[in-house]
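Notes for the structure review
So you can see what is in the structure, the chains are spelled out below.
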Protein chains: 2
Amino acid sequence: MELTHVCNRGVERKRVDWVPASVQWTNDFEAILRSDANVVVELIGGLDPAGLWVRRALEAGKSVVTGNKKLIAQDGIELEQLARKHKAHLLYGAAVAGGVPVIPGLRHGLVGDQITRIEGILNGTCNYILSRMEDGAQAAEALQDAQARGYAEANPSEDVDGFDARAKLVILARIALRADLRPEEIACRSITGIAAIDFEYARELNCTIRQISRVELRDGKLFATVGPMLVPRTSPLAWSRGTENMVLVGGKYGGDVVFSGHGAGGHPTAVAVVSDLISLAHGGSSIGLPSTPTQVGGEFLLRHSIRLVVHDCPGIIAEIAGALAEHQINIHAIFQRPGYQQEHLPFVVTVEPCTNSALRHALAHFAGKAWLAEPSLDLPILEP
Amino acid sequence: MELTHVCNRGVERKRVDWVPASVQWTNDFEAILRSDANVVVELIGGLDPAGLWVRRALEAGKSVVTGNKKLIAQDGIELEQLARKHKAHLLYGAAVAGGVPVIPGLRHGLVGDQITRIEGILNGTCNYILSRMEDGAQAAEALQDAQARGYAEANPSEDVDGFDARAKLVILARIALRADLRPEEIACRSITGIAAIDFEYARELNCTIRQISRVELRDGKLFATVGPMLVPRTSPLAWSRGTENMVLVGGKYGGDVVFSGHGAGGHPTAVAVVSDLISLAHGGSSIGLPSTPTQVGGEFLLRHSIRLVVHDCPGIIAEIAGALAEHQINIHAIFQRPGYQQEHLPFVVTVEPCTNSALRHALAHFAGKAWLAEPSLDLPILEP
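Each value, and the rule that gives it
- Residues numbered from 1 in each chain as written.
- Chains lettered and ligands numbered in written order.
- Predicted model: local features only at pLDDT ≥ 70, side-chain atom pairs only at ≥ 80, totals over all residues.
- Helix = DSSP H or I, 4+ residues; strand = E, 2+ residues; numbered from the N terminus.
- Rg over C-alpha atoms; globule rule 2.2 N^0.38 Å.
- Buried ≥ 20, exposed ≤ 12 C-beta atoms within 10 Å, placed from the backbone.
- Contact = placed C-beta atoms within 7 Å.
- Domains from an automatic or database assignment.
- Core = buried A, V, L, I, M, F, W, Y, C linked by C-beta atoms within 7 Å.
- Pairing = 2+ DSSP bridges.
- Least-squares fit on C-alpha atoms with pLDDT ≥ 70 in both.
- Nonpolar A, V, L, I, M, F, W, Y, C, P; charged D, E, K, R; others polar.
- Expected span 1.5 Å × (residues − 1).

**Quick look at the overall build of chain A**
Counting secondary structure elements, chain A contains 12 helices and 16 strands. Its C-alpha radius of gyration of 28 Å places chain A more than 25% over the 21 Å reference for a compact globule of 384 residues. Principal axes of the C-alpha set define a box for chain A whose edges measure 85 × 55 × 45 Å. By residue count, 45% of the 384 residues in chain A fall in the buried class. Relative to all contacts within chain A whose residues are 6 or more apart in sequence, the contacts with residues 24 or more apart total 69%.

**Some words on the environment of Asp48 of chain B**
All names here are of chain B. With respect to the helices and strands, Asp48 occurs in the loop between strand E3 (39–42) and helix H2 (50–59). Of the residues examined, Asp48 has 9 C-beta atoms within 10 Å and is grouped as exposed. It is 69 Å that separates the C-alpha atoms of Asp48 and Ala321, two residues lying 273 residues apart in sequence.

**Quick look at the domain arrangement of chain A**
Domain boundaries in chain A define domain 1 (5–91), domain 2 (102–266) and domain 3 (302–381). Using C-alpha coordinates to define each centre, domain 2 of chain A is positioned 46 Å away from domain 3 of chain A.

**What about the nonpolar core?**
The biggest cluster of nonpolar side chains holds 208 residues, and the ones touching the most others in it are Leu169 and Ala173 of chain A together with Leu169 and Ala173 of chain B. Apart from residues no more than four positions distant in its own chain, Ala173 of chain A is found in contact with Ile118, Ala179, Leu181, Val215 and Ala224 of chain A.

**A closer look at the pairing of strand E6 (residues 115–121) of chain B**
All names here are of chain B. Of all 7 residues that make up E6, 5 are buried, and the element is covered over most of its length. Taken together, the 6 bridges between E6 and strand E10 (residues 244–251) define a ladder with antiparallel strand orientation. From the neighbouring strand, Arg117 faces E10, where its bridge partner is Gly250. The pairing of E6 with strand E8 (residues 207–218) spans 4 bridges and is antiparallel.

**With respect to the sheet that holds strand E3 (residues 39–42) of chain A**
Residues and elements named next belong to chain A. In space, the 3 strands of this open sheet follow the order E3-E4-E5, with parallel pairing throughout. Looking at which strands have only one partner, the edges of the open sheet turn out to be E3 and strand E5 (90–91). Of the strand pairs in this sheet, strand E4 (residues 63–66) and E5 are connected by 2 bridges, and their pairing is parallel. Across the sheet, the residue bridging to Val65 is Leu91, located in E5.

**Some details on the relation of the copies chain B and chain A**
Turning chain B through 180 degrees and shifting it by 0.0 Å along the axis lays it on chain A, with an RMSD of 0.0 Å. Both chain copies can therefore be described as sitting about a two-fold axis. Mapped onto chain A, 100% of the interface residues of chain B again fall at the interface, so both copies present the same surface.

**What about the interface of chain B and chain A?**
At the interface, 99 residues of chain B touch 99 residues of chain A. Of the residues forming the side of chain B that touches chain A, the biggest block, 10 residues, is contributed by strand E9 (residues 221–232) of chain B. Across the side of chain B that touches chain A, the residue classes tally to 52 nonpolar, 31 polar and 16 charged. One ladder, built from 3 bridges, connects strand E11 (residues 255–262) of chain A with strand E11 (residues 255–262) of chain B; its direction is antiparallel. Among the inter-strand pairings, Ser260 of chain A is bridged to a residue of E11 of chain B, identified as Val258 of chain B.

**Some words on helix H10 (residues 266–281) of chain B**
Compared with the 22 Å implied by 1.5 Å per residue over 16 residues, the 22 Å span of H10 of chain B between its first and last C-alpha is a close match. By the burial criterion, the buried members of H10 of chain B are Pro268, Thr269, Val271, Ala272, Val273, Val274, Ser275, Asp276 and Ser279 of chain B.

**Brief notes about the sheet that holds E3 of chain B**
Spatial ordering of the open sheet is given by E3-E4-E5 (chain B), a layout of 3 strands whose pairing is parallel. Of all the strands in the sheet, the pair left with one neighbour each is E3 and strand E5 (90–91) of chain B.

**Description of the pairing of strand E9 (residues 221–232) of chain A**
All names here are of chain A. Burial of E9 is extensive: 9 of the 12 residues sit out of reach of the surface. As defined by bridge partners, strand E7 (residues 187–188) adjoins E9 across 2 bridges and the pair is classed as parallel. Bridged to Cys188 within E9 is Val226. Sheet topology note: the strand E8 (residues 207–218)/E9 ladder contains 12 bridges and is antiparallel. By the bridge assignment, Ser213 is partnered in E9 with Val226. Linking E8 to E9, which pair antiparallel, is a turn of 2 residues; within it Asp219 sits at a positive phi near 50 degrees.

**Considering the environment of Ser260 of chain B**
With respect to the secondary-structure elements, Ser260 of chain B resides in strand E11. Discounting residues that sit within four places of it in the chain, Ser260 of chain B has contacts with Val258 of chain A together with Val100, Ser240, Glu244, Asn245 and Met246 of chain B.

**Some words on unusual backbone geometry**
Keep in mind that most residues, glycine aside, have a negative phi and that most peptide bonds are trans. Following Asp48 of chain A, the chain continues to Pro49 of chain A via a peptide bond in cis, the omega torsion being 10 degrees. Along the chain, Pro49 of chain A turns up in the loop between E3 and helix H2 (50–59). For Arg178 of chain A, which is not glycine, the phi torsion reads 55 degrees and is therefore positive. On the secondary structure map, Arg178 of chain A appears in the loop between helix H8 (163–177) and E7. With 17 C-beta atoms counted inside 10 Å, the residue Arg178 of chain A sits in the partly exposed group. For Gln328 of chain B, which is not glycine, the phi dihedral falls at a positive 55 degrees. Counting through the fold element by element, Gln328 of chain B comes out in the loop between helix H11 (316–326) and strand E14 (331–335).

Okay, structure coming up:
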């Protein structure tokens, strides 16, 4: 794959020095249409001129990779037909949930199921605002904070009123449920109006509040809404924090499948765009395979917890601490639950990051001690 | 796509009456090799004769779809090369995490990232045992329960000692990290030895215990292990329950992406197999699109919570209950937090499942009432 052109209105403002000198920078989309480029990546957003450019590219037999949710939600079916007619491809993995591979997952991994339901957190801005409020922020403060961090526009309507999420829901419903929806058919409710007190009551109901985009096929009829909902803390959707995106796909045979990750931002969007480009280049076939064996180790540097059951007697902690220190392992904390007998007393020592082999050597020091009532059990602690 | 043959040793035992009469039932794999079938689906498992049959099918130019994690972990690279040589395809989405599209997600959606880390709950049996123990079961009881439900074999070593998860980790590391690992190179630790007391201490550390399969690329070196770990409750991996599978993929650009769902069982495995078959049939290109517009509704039947802020006076609850009853909406509960003033008193009414329009009509009854200090806020409650 080779980058040939960068096109933008007033492209000189965008010029960077880290792309190859062979790349042509141009204001003129016609130059790209005339070129021998096979693929056009459209990342200007909005309907105009993006829609025109995508159509012209497809008509010229060039495949298109885009992250334009608005265009794909509104005209995606027509554009897919145009692509087929001209033997080109149209891929838009970046249009929904950015770096979270929901669209490839639906297209390739769940296409064998009958999907009946999608519930998603599709707008990172709303999720940021609502999870800030869950942590105690007032509504206005959470919005200002989202604006200050660049997550929300000066006019946040597209996000908070649900239009952005709605476009993404239309695209997911099309792929997963084969449903042809118009965005304006889906009822949207704003998250404006949610107050701090609503989170207090949500807590009493063992819930939190999230902007949820839902579509469900029931008795042959489709239901779809976007808006704030109370979400039980037992639902994976309640676990989403900050700008995270999450999509729950319910299938007749496979049950519920959850995808989550970073939905927006330059890097996750780039992952989706580059993945689509690689898929195009490989014609959908498999990726490259390793040709040389890889060396493998098992020596993560990790915190550990060590559970010991002892016949209690003086000096045990000193012996343990000495054995650990001999292998440069630092004790982090010692826990002992009440209510056990002296002759069969469990307690736990946690240690700072060390290798498994150092820990093995340290534990070997007291493996045969008379005060040990049971073999010790050590567990690595996964970093949060 | 048309099913042409079913092959099994002693196939007569397997015969069912719901497949087309044209399907040939045979004990003889040679009959399939001689046929004009394009694809062989291998679901017998194990290395022998599955490995021989997969090789013979690929050598005959037939593509193979398989769920055989043991075979793919051990000989996958050789088999992929064989497939390429004979212009056939080899797909094995069912080999890891069954109905959770981790392999398609990695191949198509995350191929544009540089994956540096995978952490997964890849064995549903271990997860069932450990989440039963988290809920208070003793180790022996949890294992017996898993065996009674058919989740664990009479000899559970393959699951509890980590060999099953290790084969899956080898496959994921190959696809995501382009790492050529041998299963026997990965250190495995059994979950045997985890006792109820370990969950008590895990709780004190704000953790739970799960069998975690990890592979990480750090400074050009690969680290890989399978075994029980303490998992902080803040980690998505702590939220997996029962036989659920979960895979966290860490990328340099896209950050952490999480996939979860039902890893095993006939139906989720079938979803993965059928999805691979459809991918083969479409040559990896896009799925069918809807051709007729779909009718859409927004009327889910849902529980709702209604937050009201009132100037407290007698008869308010009666008025609200009356308005709701008029629209056949049943009150589920009324909550009122202490510490608010009579003239600006918030409280919440939850109602049993009703449509949004019925609720709108009911709320309109008291929208203009003098006792209402603020407009009411109603939220649907997502079903757990």
